[in-house]
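If you want the building blocks of each chain, they are given just below.
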Amino acid sequence: RIMTEMALGQALNQAGTKVCEPIMTFECEIPTDCVATVIPAFSRLEAIVKSTVVNGDVSVLCGDVPARQFQELRKQLTSLTRGEGMLDVEFGRYE
């Protein structure tokens, strides 16, 4: 199995093929008192928060997350926000 991966990797490099990862764009509505715990947790999952808008008791975070981390991000959001967080995600691009 390891030899197969190495051979495939070498063949892709020789062919000039670039392997890209799907990046998802998210918008997340959370209680404002949870921002300080949610942003570091998202960061550990390789999410990049590009903007934060605070509107009283509710904050909206917008950013990008690798598709491979999306399900874990969704799981953690529930516990970090006491079940009050809402997450909208859509395909953004390949990187």
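Going by the structure above, here's the rest.
Residues numbered from 1 in each chain as written. Predicted model: local features only at pLDDT ≥ 70, side-chain atom pairs only at ≥ 80, totals over all residues. Heavy atoms only, no water.

1. Structural notes on the pairing of strand S1 (residues 22-31)
In step 1: Across eight bridges, the pairing between S1 and strand S4 (residues 86-94) is antiparallel. Bridge pairing links Thr-25 to Glu-90 in S4.
In step 2: Where S1 meets strand S3 (residues 58-66), nine bridges bridge the pair, whose relative direction is antiparallel. By the bridge assignment, Glu-29 is partnered in S3 with Val-60. (Pairing = 2+ DSSP bridges. Helix = DSSP H or I, 4+ residues; strand = E, 2+ residues; numbered from the N terminus.)

2. Let's talk about unusual backbone geometry
In step 1: You will see that Glu-46, though not glycine, has its phi angle at about 70°, which is positive.
In step 2: Take Glu-46: it is sitting in the loop between helix H2 (35-44) and strand S2 (48-55).

3. Comments concerning the sheet that holds S2
In step 1: The strand order across the open sheet built from four strands is S2-S3-S1-S4, with neighbouring strands paired in antiparallel fashion. The outermost strands of the open sheet, each flanked by one partner alone, are S2 and S4. The average angle at which neighbouring strand axes cross in this sheet is 15°, direction not considered.
In step 2: Of the pairings in the sheet, the one linking S2 to S3 comprises seven bridges and is antiparallel in character. By the bridge assignment, Thr-52 is partnered in S3 with Leu-61.
In step 3: Here H2 sits on the sheet in contact with S1, S2 and S3, set at roughly 165° to S1.
In step 4: Contacting S1, S3 and S4, helix H3 (residues 70-80) runs over the sheet at an angle of about 160° to S4. (Axes fitted to C-alpha atoms, helices over the stretch in contact; angles between N-to-C directions. Contact = heavy atoms within 4.5 Å.)

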